[in-house]
Amino acid sequence: MIAWLSGRLRHKSVDHLIIDVAGVGYQVFVPLSTYNGIPDDGEDVSLHIYTHVREDSLSLFGFLTEAEKNMFMLLLGVSGIGPKLALAILSSLPVQDLSRAILASDETRLFSIPGIGKKTAARMLLELKDKMKLIMPMIPAAMPEEASVSDDLEDVVSALVNLGYKKPQAEETARKVRHVHPGLAVKDQIREALSMLMKR
């Protein structure tokens with residue numbers, strides 16, 4: 001079971017990384033919160049790893065902080081939430097905001113997450129509220145400083161699609177963000193796009 005990876009970053013995209021560890025390339029899926037804090041290609045990176053094993057596959061999920069990893073694992077324990085949806089949840093809400101929303105029973109905030117309906121939100125509140133009291137002390141006051149990334153429309157569209165939005169809707173929103181806010185980095189374009197989509 002892999003719990004930690006430290007190596008050279010060979011490839012970086014909005015939903016996964018490839019990390020070279022002693023000549024072996026590991027594909028690691030990451031939430032946007034981790035992606036935003038990852039350095040550029042060719043630099044060293046270290047991640048907390050959750051290894052998800054199925055009969056036909058083995059997938060690695062990486063996180064910059066232990067709090068993110070623990071939240072991911074707690075989300076997987078909720079009925080109806082698998083790795084992809086858990087990653088989308090962490091991409092939509094930082095661990096701090098997600099924890100506060102659960103502790104405050106803020107269903108409206110949870111409904112704003114793509115893929116989360118009333119039943120899933122209710123299960124999250126029921127099954128996670130008490131557990132949030134254990135994870136809160138592990139959450140840092142601020143997340144690691146975000147790395148600058150290139151301005152690329154395809155990366156923004158890919159991120160939105162991975163979060164559960166339809167490609168035509170993602171492309172339309174991404175273009176609107178670029179028109180209204182020209183020159184933004186990818187991470188900022190994604191945030192603006194999510195803000196626009198959640199207001200619809």
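Predicted model, so just to flag it, every value in this text is computed and none were measured.

Undergrad: Whenever I open this one, the pairing of strand E1 (residues 4-12) confuses me. Can you help?
TA: Both faces of the sheet carry side chains from a regular strand, because those side chains alternate between them. As defined by bridge partners, E1 adjoins strand E4 (residues 44-53) across five bridges and the pair is classed as antiparallel. Residue pairing in the sheet places Leu5 in a bridge with Leu47 of E4. Note that E1 and strand E2 (residues 16-21) share four bridges and pair antiparallel. Bridge pairing links Leu9 to Ile19 in E2. Linkage of E1 to E2, two consecutive antiparallel strands, is achieved through a turn of three residues.

Undergrad: Would you take a moment to explain the packing of helix H2 (residues 66-76) against helix H4 (residues 95-103) for this structure?
TA: Each pair of packed helices can be summarised by the angle the axes make with each other and by the distance between the axes. The geometry of H2 relative to H4 is characterised by a closest axis approach of 10 Å and an angle of 45° between their N-to-C directions. Our classification of the angle between H2 and H4 gives oblique. The interaxial crossing formed by H2 with H4 has left-handed handedness. Within the contact between the two elements, H2 uses Ala67, Glu68, Met71 and Leu75 and H4 uses Val95, Leu98 and Ser99.

Undergrad: Explain the sheet that holds E4 here, please?
TA: Hydrogen bonds between backbone atoms are what pair the strands of a sheet, whose relative direction is either parallel or antiparallel. Judged by pairing direction, the barrel is mixed, and its five strands sit side by side in the order E1-E2-E3-E5-E4 before closing back on the first. Strand-to-strand twist of the sheet, defined as the mean angle between neighbouring strand axes without regard to direction, takes the value 55°. Relative to strand E5 (residues 58-63), strand E3 (residues 24-29) runs parallel, the two sharing two bridges. By the bridge assignment for E5, Phe29 is matched with Phe61. Across the sheet, H2 is in contact with E4 and E5; its angle to E4 comes to roughly 15°. Each of E3, E4 and E5 is contacted by helix H3 (residues 83-92), which is oriented at about 15° to E5, the strand it contacts most.

Undergrad: Sorry if this is basic, but what is going on with the confidence of the model for the chain here?
TA: Predicted coordinates in regions of low pLDDT should not be interpreted in detail. On average, residues of the chain score 84 in pLDDT, and 88% of them reach the 70 mark or higher. Contacts from residues 141-151, a stretch scored under 50 in pLDDT, to residues over four places away or in other chains number 31 contacts.

Undergrad: Help me understand the packing of aromatic side chains in this model?
TA: Applying the stated criterion across every chain, the model contains four aromatic pairs. Ring centres of Tyr50 and Phe72 lie 5.5 Å apart, and the angle between their planes is 65°; this geometry places the pair in the edge-to-face category. Residue Tyr50 is found in strand E4, and its partner Phe72 is found in helix H2; the two are separated by 22 residues along the sequence. Every member of this aromatic cluster is reached through a ring pair, and the members are Phe29, Tyr50, Phe61, Phe63 and Phe72. Looking at Lys12, its charged tip hangs above the ring of Tyr35, at a distance of 4.9 Å from the centre.

Undergrad: I keep staring at the pairing of E2 and nothing clicks. Help me out?
TA: Relative to E3, E2 runs antiparallel, the two sharing six bridges. Bridging from a neighbouring strand, His16 pairs with Phe29 of E3. The turn joining E2 and E3, which pair antiparallel and follow one another in sequence, is formed by two residues; a positive phi near 55° is taken by Ala22.

Undergrad: Help me understand the environment of His11, please; the structure alone is not making it clear to me.
TA: Following the sequence through the fold, His11 ends up in strand E1. Sequence separation between His11 and Asp41 is 30 residues, and the spatial gap between their C-alpha atoms is 5.9 Å.

What counts and how
Residues numbered from 1 in each chain as written. Predicted model: local features only at pLDDT ≥ 70, side-chain atom pairs only at ≥ 80, totals over all residues. Heavy atoms only, no water. Pairing = 2+ DSSP bridges. Helix = DSSP H or I, 4+ residues; strand = E, 2+ residues; numbered from the N terminus. Axes fitted to C-alpha atoms, helices over the stretch in contact; angles between N-to-C directions. Parallel < 35°, antiparallel > 145°, perpendicular 65-115°, else oblique. Left-handed = near helix turned anticlockwise from the far one by under 90°. Contact = heavy atoms within 4.5 Å. pLDDT = per-residue confidence, 0-100. Phe/Tyr/Trp six-rings, centres within 6.5 Å; stacked < 30°, edge-to-face > 60°. Lys NZ or Arg CZ within 6 Å of the ring centre and 35° of its normal.

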